[in-house]
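Letter by letter, the chains look like this.
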Amino acid sequence: MRTTGNDIEIKVNGITICYDDLGEGSIPIVFIHGFPFDKSMWQPQMDFLKKTNRVIAYDIRGFGKSTADNEEASMGLFGDDLIKFMDALFINKAIICGLSMGGYILLNTLDRYPNRFEAIILSDTQCIADTSEAKEKRKKTIKQIEAEGLNNFTELFIQNIFCKESLNDKKVLVEKIKKIILSTSSEIITGTLNALAKRHEMCFLLREISIPTLVLCGKEDIITPLIQSEFLHNNIRNSIFHSLDAAGHLSNLEQADEFNIHIYNFISSLSIE
Ligand code: MLT
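Nothing here was measured: the structure is a model prediction, and the numbers come from that model. (Residues numbered from 1 in each chain as written. Predicted model: local features only at pLDDT ≥ 70, side-chain atom pairs only at ≥ 80, totals over all residues. Heavy atoms only, no water.)

**Student:** Would you mind going over the nonpolar core with me for this structure?
**Tutor:** As a rule of thumb, soluble globular proteins bury nonpolar side chains together. Grouped together as the largest cluster of nonpolar side chains are 89 residues, with contacts concentrated most on Phe 31, Ile 177 and Ile 263. Beyond its immediate chain neighbours, meaning those up to four positions away, Ile 263 contacts Phe 31, Leu 49, Cys 97, Ile 121, Leu 214 and Leu 216. (Core = buried A, V, L, I, M, F, W, Y, C linked by side-chain atoms within 4.5 Å. Buried < 20%, exposed > 50% of the residue type's maximum accessible area, 1.4 Å probe, protein only. Contact = heavy atoms within 4.5 Å.)

Next up, the structure:
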């Protein structure tokens, strides 16, 4: 029998995944959060879409309330967790939405398990791998966190993920995100930075995608810039693309109403019951 509600725990792939499962619908929408956040970053989408759809948001291993084991983090491992999580919930196919690292996990998993995807939403993400400069930067960040903890990393990260308007006008949101980052273990953050640096380029996959695809991106995203979303859109057949004004990397939170409407319209256009 299906368990619905918030903060449900389930054993998957040797760890405990914590998730929210709300609303009704034959094909659920599964939300994968970015780095280094947790499932609560999908709150506005869960609240809005649960009225019309079954919506699931889960904490990636080590983040939020999900546990981790000693396995080295990688997009492949995160993707295996996703598929085993869907298996455990008896979900054969889902509409999967990933933001940033959530999008990297989505593409990695779509390549290996195409039959588990009904449609995809790629938000503020990209298919390229890290450049050698980006890899070096991640290495430096890992060393910095190991030496001094998360405070400076978090301050700088916050300045980069929100657009100027959000930093000035959405202080409650900014504080909430800061708290999420600071409550994550340093080892999980450094382990995931290493996984991000080692991730493979997935751009070869774009031309093979034939399922309905929505691409969304904040116009002021400087982590995964608009040009990367335009590239996704230009290379995925029949994909739909919207860029959001006054939004940086966390477009789903910075312009939640607009983001929700784009998802709602996209889902409504799919021929599913
Ligand atoms: C994310 O938001 O998931 C990360 O910032 C992505 C990245 O650093 O490449």
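After presenting the structure, the write-up continues.
**Student:** So what exactly am I meant to see when it comes to the environment of Ile 95 here?
**Tutor:** Along the chain, the position of Ile 95 falls in strand β5 (residues 94-99). With a relative accessible area of 0%, Ile 95 lands in the buried category. In the structure, Ile 95 is positioned 62 residues away from Phe 157 in sequence and 29 Å away in space, judged by C-alpha atoms. Apart from the residues lying within four places of it in its own chain, the contact partners of Ile 95 are Ile 27, Pro 28, Ile 29, Val 30, Glu 118, Ala 119, Ile 121, Ile 267, Leu 270 and Ile 272. (Helix = DSSP H or I, 4+ residues; strand = E, 2+ residues; numbered from the N terminus.)

**Student:** Even after reading the chapter, I still don't get the packing of aromatic side chains, so can you show me in this structure?
**Tutor:** The way to describe two aromatic rings as a pair is by their centre distance and the angle between their planes. Tallying each qualifying case throughout the model produces nine aromatic pairs. Ring centres 6.1 Å apart and planes at 90 degrees place the aromatic pair Phe 35 and Phe 157 in the edge-to-face group. Note that Phe 35 is positioned in the loop between β3 (29-32) and α1 (43-49) and Phe 157 in helix α5 (residues 151-161), a separation of 122 residues in sequence. Across the pair, exposure class does not vary: Phe 35 and Phe 157 are buried alike. The rings of Phe 35, Phe 37, Phe 63, Phe 153 and Phe 157 are connected pair by pair, giving a single aromatic cluster. Its guanidinium or amino end placed over the ring of Tyr 104, Arg 199 lies 4.0 Å from that ring's centre, counting from NZ or CZ. (Phe/Tyr/Trp six-rings, centres within 6.5 Å; stacked < 30°, edge-to-face > 60°. Lys NZ or Arg CZ within 6 Å of the ring centre and 35° of its normal.)

**Student:** Explain the pattern of salt bridges to me, please; I cannot follow it from the model alone.
**Tutor:** Pairing between side chains of opposite charge can happen when the charged atoms of each approach one another. Going through the model one piece at a time under the given rule, you end up with 18 salt bridges. Its salt-bridge partner being Lys 39, residue Asp 20 comes within 3.0 Å of it at the nearest N-O pair. Note that Asp 20 is positioned in strand β2 (residues 15-22) and Lys 39 in the loop between β3 and α1, a separation of 19 residues in sequence. Residue Asp 20 is classed as buried on the basis of its relative accessible area, which comes to 8%. (Salt bridge = Lys/Arg side-chain N within 4 Å of Asp/Glu carboxyl O.)

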